[in-house]
Amino acid sequence: MLRSKFPTYLVWGPELITFYNDASLPLRGIRPEALGQPLQQAWAEIWDVVGPTIKQALRGEATYLQDVPVDIVQRKGYPEQTWWTASFSPVMAETGTVGGVLIILQETTERVLTEQRLRFLVDLSTRLRGIAEAREVMATTAEQLGRHLRASRAGYGMVSENGETLVVERDWTDSAIPSCAGEYRSSDFGTLIKSELNAGRTVRIDDILADPLTAEEAIAGEFLRTGKRASIIAPLIRNGRFVAFFYVHQTQPRHWREDEVALVQEVAERTWTSVLRARAETALRNSEQLFRQFAEHATDVLWVVDANTRGFEYISPAYERVWGRPLETIRSRIQWEESVHPDDRERTTQVFRGVLQGETITHEYRIVRPDGGMRYIHATVFPILDGCGAIQRIGGIARDVTQHDGSMVYVVDGNEASRQELSLRLQEAGYQVKAFVSAQAFLDVAPVLVAGCVVLDARAPEAGGMRIPKELKGRRAGLPVVVLGEAHGIISVGVDAMKAGAVDFLETSCRPEQLLEAVASALASIRDVAERDQTAEHIRAQVALLSVREREVLDRLLAGGTNKTIARDLGISPRTVEAHRARIMERLGANNLPELVRMALAAGLHVKPQDSGS
């Protein structure tokens, strides 16, 4: 036992009298001499752990304990926590019975601390990966490290561009001392600490009253006032500038181990990385939200296709208005190509191939809607590259450029003479005229006609009676019908025409100016609808440019919220709500709240129901 390099104890007899070698002396620290004392007295602080094992050895069973924590006082000049593995072997007396126990110790402190540090870092990384907000990253890291080190307080701070201001948004405390969250001047730390941090050196203070870094009375007093008797401050340097720091505080003097200092430095680096990642993800989410808000209100169709699968990753709601098809029916580019006019499909396919080669191409093509209507599309198609420069997606902007100038008149008359007379009269009045000899000839092409007024002479059999206004009414086409006929003073004839869908009924013997007035009125209704659509589209475009917060305020205004209730819902002040409201009204051109509501509803914005508690 005496020659062993391992700390070794021999306990003997019923009282377990203690003997130990010189290698065991550091384990005692400054504790009183235990040689010749009962083991229960010598190891009083761990007797509840080792006592049962000693009894087992006394029964003749060799055993061991692994990684038992032992507090040692002043082995190295300061208190420390250590870990030990010990074997317990029975020692036989001359009588053949167990007379004592041989205890051989091996310190495992370094291994235990390393394993604890690695487990902590793995757990921390796992937790941080699931956090999306930068402030939560800071708060979580501070709490985890503070608890792991059994510190009084821990936190993460950012440094201003000029390096003069330090900001701690949130920190963690053991509840015995207050938070340090707030804004500070870097000079509050003292010139020595400031110079150390700016140089990228971690500041380690075991006791502010004995450390030269805090020798200035004002600095020491500030540290004591805020409960920082011992501290670690790990700076982060990026591009030669002090940008952030992590701190750990203790209200009492504490000897910081080298591995603890290294751990704070490692956590500071990981926190910085996670904060940047969280901020980037937040910026990306805001950007995506802004894009979707813009795209959902844009009059053009915006789309994104996977370059490999040719499947749509995104297509904006304007697709339903322009293409006349539900969004859920479009899954791939192949389905989209089916809507392209047959004469234009090959050309659009070539465009797609060119974009896959890296080109940005602008072209025009026609589409055929399910109702048979045709639209002219002006499109810009472009490649979207990944981080390595490879084409990952293809994006496009499609604009409906079909002309609707409101000056077209379609004459349907089976009598050639009267058809020519009507056409000439309308052309002299400045209208573009296209004539048809029968209802069937007109209805066959009606889906692809631009908006205009239909003048129907219902006398000839080819006119099909009221077939044209009835079918156009059923299709909800933008083609108002003025019917010419012979009522012979019977009012019901005109009423029947109006019920069928005509906007006006005139006797064929009417004065020319009456016909022109009816046509002008019908075309004016088309322009009114177009202007309303244009106004609505303008409002939707302006709404798309609102910030996320402004859109939240607008939604609550439309739901009947007041400045006070909106402020409560969004966690901001009523004055801030008023400022957002003023900017919204200015952007949309509204003079008051009722006008703002009318404009928003006319543009198709939906009122989102608010929670009952708001």
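Everything numeric here is computed off the predicted structure, so don't read it as measured data. (Residues numbered from 1 in each chain as written. Predicted model: local features only at pLDDT ≥ 70, side-chain atom pairs only at ≥ 80, totals over all residues. Heavy atoms only, no water.)

**Student:** Explanation requested: the overall build of the protein chain in the structure shown.
**Tutor:** The number of helices and strands found in the protein chain is 20 helices and 22 strands. For 614 residues, the compact-globule estimate of 2.2 N^0.38 gives 25 Å, and the C-alpha radius of gyration of the protein chain, at 43 Å, exceeds that figure by more than 25%. Each principal axis of the C-alpha atoms in the protein chain carries an extent, and together these give about 140 × 60 × 50 Å. The proportion of buried residues among the 614 residues of the protein chain is 43%. Of the roughly 32,000 Å² of accessible surface on the protein chain, a fraction of 52% belongs to carbon and sulfur atoms. Looking at charge distribution, the protein chain has the averaged site of its 72 positive side-chain charges lying 2 Å from that of its 81 negative ones. (Helix = DSSP H or I, 4+ residues; strand = E, 2+ residues; numbered from the N terminus. Rg over C-alpha atoms; globule rule 2.2 N^0.38 Å. Buried < 20%, exposed > 50% of the residue type's maximum accessible area, 1.4 Å probe, protein only. Areas by Shrake-Rupley, 256 points an atom, 1.4 Å probe, with all protein chains shown as cover. Lys, Arg positive; Asp, Glu negative; His and termini not counted. Charge placed at Lys NZ, Arg CZ, Asp CG, Glu CD.)

**Student:** Just checking my understanding: could you explain the pattern of salt bridges for this structure?
**Tutor:** Close approach of charged atoms allows side chains of opposite charge to pair. One pass over the structure, following the stated rule, counts 34 salt bridges. Among the salt bridges present, the one from Arg 254 reaches Glu 260, with a minimum N-O distance of 2.8 Å. Residue classification places Arg 254 among the buried residues on the basis of a relative accessible area of 16%. As a salt-bridge pair, Arg 399 and Asp 300 come within 2.9 Å of each other at their nearest N and O atoms. Placement of Arg 399 in strand 17 (residues 391-400) and of Asp 300 in the loop between helix 8 (258-297) and strand 13 (301-306) is noted, with a sequence separation of 99 residues between them. With a relative accessible area of 45%, Arg 399 lands in the partly exposed category. Three or more residues joined by partner-sharing salt bridges are found here, namely Arg 254, Arg 257, Asp 259 and Glu 260. (Salt bridge = Lys/Arg side-chain N within 4 Å of Asp/Glu carboxyl O.)

**Student:** Sorry if this is basic, but what is going on with unusual backbone geometry here?
**Tutor:** For residues besides glycine, phi is generally negative; the peptide bonds are generally trans as well. In this model, Leu 16 sits at a positive phi of 55°, which is unusual for a non-glycine residue. Since its relative accessible area comes to 10%, Leu 16 is described here as buried. Within the chain, Arg 310 stands out as a residue other than glycine whose phi angle is a positive 65°. Within the secondary structure, Arg 310 sits in the loop between strand 13 and strand 14 (312-315). A relative accessible area of 33% means that Arg 310 is categorised as partly exposed.

**Student:** Is there a simple way to think about the sheet that holds strand 20 (residues 453-457) in this case?
**Tutor:** Sheets are built from strands that pair by backbone hydrogen bonding, the pairs being arranged parallel or antiparallel. In spatial order, the strands read 19-18-20-21-22; together these five strands make up an open sheet with parallel pairing. Each of the sheet's edge strands pairs with one partner strand only, and the pair in question is strand 19 (432-436) and strand 22 (504-507). Averaged over all pairs of adjacent strands, the angle between strand axes in this sheet comes to 20°, irrespective of strand direction. Note that strand 18 (residues 408-412) and strand 20 share four bridges and pair parallel. Across the sheet, the residue bridging to Val 409 is Cys 453, located in strand 20. (Pairing = 2+ DSSP bridges. Axes fitted to C-alpha atoms, helices over the stretch in contact; angles between N-to-C directions.)

**Student:** Whenever I open this one, the state of the cysteines confuses me. Can you help?
**Tutor:** Disulfides are covalent bonds that link the sulfur atoms of two cysteine residues. If you walk through the whole model with that rule in mind, you get zero disulfides. You can see Cys 453 has no disulfide; the closest cysteine sulfur is in Cys 510, sitting 12 Å from it. (Disulfide = S-S within 2.5 Å.)

**Student:** I tried to follow helix 7 (residues 217-225) on my own but got confused; where do I start?
**Tutor:** Since one α-helical turn is 3.6 residues long, residues separated by three or four positions face the same way. Along helix 7, the residues that are buried comprise Ile 219, Ala 220 and Phe 223. Relative to the axis of helix 7, the buried residues are bounded by an arc of 95° and lie together on one face. Opposite the buried face of helix 7, by more than 90 degrees, sit the exposed residues Glu 217, Ala 218 and Arg 225. Elements in contact with the buried residues of helix 7: helix 6 (191-198) and strand 10 (203-205). Immediately beyond the C-terminal end of helix 7, within one or two residues, lies Gly 227, with a positive phi of roughly 75°. (Arc of directions from axis to C-beta. Contact = heavy atoms within 4.5 Å.)

**Student:** Would you take a moment to explain the sheet that holds strand 14 for this structure?
**Tutor:** Here five strands make up an open sheet; going across it, the order is 14-13-17-16-15 and the pairing antiparallel. Strand pairing shows two members of the sheet lacking a second neighbour, strand 14 and strand 15 (361-368), which therefore form its edges. Neighbour-to-neighbour, the strand axes of this sheet turn through a mean angle of 25°, independent of strand direction. Sheet topology places strand 15 next to strand 16 (residues 374-385); eight bridges connect them, and they run antiparallel. Counted as the bridge partner of Ile 367 is Arg 375 from strand 16. Packing against the sheet, helix 8 makes contact with strand 13 and strand 14, and its axis sits at approximately 65° to strand 14. Taken strand by strand, helix 11 (residues 345-356) contacts strand 15, strand 16 and strand 17, and its axis lies near 145° from that of strand 15.

**Student:** Please clarify how the nonpolar core should be interpreted in this entry.
**Tutor:** Within soluble globular proteins, side chains that are nonpolar tend to cluster in buried spots. With 33 residues, the main nonpolar core has Leu 145, Tyr 156, Phe 246, Val 248, Val 264 and Val 267 as its most contacted residues. Looking at this core, the elements with two or more residues in it are helix 4 (109-129), helix 5 (134-148), strand 6 (153-159), strand 11 (230-238), strand 12 (241-250) and helix 8. Of all the elements, helix 8 adds the most residues to this core, at eight residues. Of all hydrophobic cores here, the second largest spans 24 residues; its members include Tyr 9, Ile 46, Trp 84 and Ile 103. (Core = buried A, V, L, I, M, F, W, Y, C linked by side-chain atoms within 4.5 Å.)

**Student:** What is the right way to look at the pairing of strand 18 in this model?
**Tutor:** It is a general feature of regular strands that their side chains alternate between the two faces of the sheet. Extensive coverage of strand 18 is indicated by the burial of five of its five residues. Here strand 18 shows a buried face lined by Met 408, Tyr 410 and Val 412 and a second buried face lined by Val 409 and Val 411. Here strand 18 pairs with strand 19 via five bridges, running parallel. Among the inter-strand pairings, Met 408 is bridged to a residue of strand 19, identified as Gln 432. Each parallel crossover has a hand, and for strand 18 linked through helix 12 (residues 416-428) to strand 19 it is right-handed. (Right-handed = clockwise from strand over helix to strand, strands pointing away.)

**Student:** How should I be thinking about the packing of helix 18 (residues 563-570) against helix 19 (residues 574-588) in this particular structure?
**Tutor:** What describes two packed helices is the angle between their axes and the distance between those same axes. The interhelical angle for the contact between helix 18 and helix 19, taken along N-to-C directions, is 105°, at an axis separation of 8 Å. The orientation of helix 18 with respect to helix 19, classified from their angle, is roughly perpendicular. Residue-level inspection shows Asn 563, Ile 566 and Ala 567 of helix 18 in contact with helix 19, the latter providing Pro 574, Val 577, Glu 578 and Arg 581. The residue makeup of the contact of helix 18 with helix 19, split by class, is four nonpolar, one polar and two charged. (Parallel < 35°, antiparallel > 145°, perpendicular 65-115°, else oblique. Nonpolar A, V, L, I, M, F, W, Y, C, P; charged D, E, K, R; others polar.)

**Student:** Teacher, can you tell me more about helix 17 (residues 548-558) here?
**Tutor:** By the criterion of burial, helix 17 is predominantly enclosed, with eight of the eleven residues buried. For helix 17, the set of buried residues is Glu 550, Arg 551, Val 553, Leu 554, Asp 555, Arg 556, Leu 557 and Leu 558. Positive phi shows up at Gly 560, right after helix 17, with a value of about 95°.

**Student:** What exactly am I supposed to notice about the pairing of strand 12 here?
**Tutor:** Counting buried residues in strand 12 gives nine out of ten residues, a clear majority hidden from the surface. As judged from the six bridges shared by strand 6 and strand 12, these two strands associate in the antiparallel manner. Counted as the bridge partner of Tyr 156 is Phe 246 from strand 12. Once strand 11 ends, the chain turns through two residues before running back antiparallel as strand 12, passing Asn 239 with a positive phi of about 55°.

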